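Descriptive structure summary
The primary structure of each chain is shown beneath.
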Amino acid sequence: QSGAWRIVNAMRHGRLHDAEARLREVARLAGDLRQPRFLHQTAVFEAALLLARGRLAEAETRQQEALALGMPIDEAMARWQHWTQTSHLRREQGRLAEFLGEGLAQTLPAETPAALFFANSARWVAPHVFCELGREDDARASFASLMSEGLASLPPENSRCTRIPALFSAGDACATLGDTTWAEPLYDALSPYHDQWQVIGWGTVVFGSAHIILGALHSVQQRWRAAEEHFEEALAQHEREDAICAQARALYQYARAVRRRGRKADLARADGLVARGLAIAEANGLRGVATRLRSLRDA
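**Overview of the overall build of the chain**
A tally of regular secondary structure across the chain gives 15 helices and 2 strands. On the principal axes, the C-alpha backbone points of the chain span a range of 60 × 40 × 35 Å. Across the 299 residues in the chain, those meeting the buried criterion constitute 53%. In the chain, once contacts between residues fewer than 6 apart in sequence are set aside, the share between residues at least 24 apart is 65%. With an accessible surface of roughly 13300 Å², the chain has 51% of that area assigned to carbon and sulfur atoms.

**Regarding the environment of Ile-280**
As for its placement among the helices and strands, Ile-280 is situated in helix α14 (residues 264–284). Linking Ile-280 and Leu-214, residues 66 residues apart in sequence, is a C-alpha distance of 22 Å.

**Considerations on the packing of helix α3 (residues 36–52) against helix α4 (residues 56–70)**
The interhelical angle for the contact between α3 and α4, taken along N-to-C directions, is 160°, at an axis separation of 8 Å. The pairing of α3 with α4 is recorded here as roughly antiparallel in orientation. Considering how the two elements wind past one another, α3 and α4 form a crossing that is left-handed. In this structure, α3 uses Leu-39, His-40, Ala-43, Val-44, Glu-46, Ala-47, Leu-50 and Leu-51 to contact α4, whose residues at the interface are Leu-56, Glu-58, Ala-59, Arg-62, Gln-63, Ala-66, Leu-69 and Gly-70. Looking at side-chain class alone, the contact of α3 with α4 contains 10 nonpolar, 3 polar and 3 charged residues.

**Some words on the pairing of strand β2 (residues 205–209)**
With 5 of 5 residues buried, β2 lies mostly within the body of the structure. Alignment of strand β1 (residues 197–200) against β2, held across 3 bridges, turns out to be antiparallel. Looking at the pairing, Ile-200 lines up with Val-205 of β2. With antiparallel pairing between neighbouring strands as the criterion, β1 and β2 make up a hairpin whose turn holds 4 residues, including Gly-201 at a positive phi of roughly 65°.

**As for the nonpolar core**
Judged by nonpolar contacts, the single largest core of 77 residues is most densely connected at Met-11, Leu-186, Leu-190 and Val-206. Broken down by element, this core gets its largest block of residues, 10 residues, from helix α13 (residues 244–261). If we ignore the near neighbours within four places in the chain, the residues touching Leu-190 are Leu-167, Phe-168, Ala-210, Ile-213 and Leu-214.

**Thoughts on the side chain of Arg-163**
Checked against the element boundaries, Arg-163 lands in helix α9 (residues 160–177). Separated by 3.0 Å, the side chains of Arg-163 and Tyr-193 make a polar contact. In contact with Arg-163, other than residues within four places in its own chain, are Leu-154, Pro-155, Pro-156, Glu-157 and Tyr-193.

**Observations concerning the confidence of the model for the chain**
Per-residue confidence for the chain gives a mean pLDDT of 90, with 92% of residues at or over 70. Ranking the helices and strands of the chain by mean pLDDT puts helix α11 (residues 211–220) first, with 98, and helix α7 (residues 113–132) last, with 73. Throughout residues 104–109 the model reports pLDDT below 50, and contacts reaching past four residues in sequence, or to other chains, amount to 12 contacts.

**With respect to helix α8 (residues 136–147)**
Between its first and last C-alpha, α8 extends 16 Å over 12 residues, near the 16 Å set by a 1.5 Å rise per residue. Buried within α8 we find Ala-139, Ser-142, Phe-143, Leu-146 and Met-147. For α8, the angular spread of buried residues about the axis comes to 120°, placing them on one side.

**Regarding the side chain of His-40**
Of note, His-40 is situated in helix α3. Non-local contacts of His-40, meaning those with residues more than four positions away in its chain, are made with Ala-66, Leu-69, Gly-70, Ile-73, Ala-78 and Gln-81.

**Here we look at α3**
The end-to-end C-alpha distance of α3 is 25 Å, a good match for the 24 Å that 17 residues give at a rise of 1.5 Å each. Within α3, 13 of the 17 residues are buried, which leaves the element mostly enclosed by the surrounding structure. Following α3 by one or two positions, Gly-54 adopts a phi angle in the positive range, close to 80°.

Basis of the calculations
Residues numbered from 1 in each chain as written. Predicted model: local features only at pLDDT ≥ 70, side-chain atom pairs only at ≥ 80, totals over all residues. Heavy atoms only, no water. Helix = DSSP H or I, 4+ residues; strand = E, 2+ residues; numbered from the N terminus. Buried < 20%, exposed > 50% of the residue type's maximum accessible area, 1.4 Å probe, protein only. Contact = heavy atoms within 4.5 Å. Areas by Shrake-Rupley, 256 points an atom, 1.4 Å probe, with all protein chains shown as cover. Axes fitted to C-alpha atoms, helices over the stretch in contact; angles between N-to-C directions. Parallel < 35°, antiparallel > 145°, perpendicular 65-115°, else oblique. Left-handed = near helix turned anticlockwise from the far one by under 90°. Nonpolar A, V, L, I, M, F, W, Y, C, P; charged D, E, K, R; others polar. Pairing = 2+ DSSP bridges. Core = buried A, V, L, I, M, F, W, Y, C linked by side-chain atoms within 4.5 Å. Polar contact = N/O pair within 3.5 Å; in protein donor to acceptor, adjacent residues only side chain to side chain. pLDDT = per-residue confidence, 0-100. Expected span 1.5 Å × (residues − 1). Arc of directions from axis to C-beta.

Below is the structure:
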């Protein structure tokens, strides 16, 4: 159990190579002990890291194996973990609309702790999902409804596996919509976690550095130099840790911010960032972010 906590802690602080090294030790022990719970959690960690690396086919296979291992132990939690991992996989594959059409009710038993957990967090994720699907009107309505309550309804500080992802999602939607009212409050709320990465659940999904969203929010406020510093830090961290999915999306956010500044010299620079992002996305089958990058290029 202590080894598993070290893996999650490494994920939260963007040390994916360290997490993988620790995971190899935990996997060896789990294999020796043959305890179903340990085998299941090992599979969940492995799927999360494969997805972060952009190894989508391998991640999907391991996700299915994790589900099969977890169902006899805790069906509701196994289904929630699988749903969460698969939703992020489909996002990267550009198949999120197809996946969401299946509906949450088909994957999670009603009125379970896992289902209630998702329902309480989903409203913070909804504006981001609408942005991802290109449904801007729905995104604006959802974001306005969410922020009508302010930040008081954020998941609590002692629940970082939900608080940081909620801020990531709301911050991404805010930047995508160019909402100047909430950019600064969301930046201030996320800023204390600048040294952390987005991790959903107990190592169920690991994405990328908070600097992505902090940079995007600063660009909405036209704080260009600070935004650039955040983006460069995010790119450096993702490249160091081979976080392929996060790297492609950071390049998209960076390119969008540069274009938003609108100087003549920025157009060529934005095109260069888009080209870098597309090269990564196309090489790894990341069709979701590739679509957004092409739209930015062709705008």
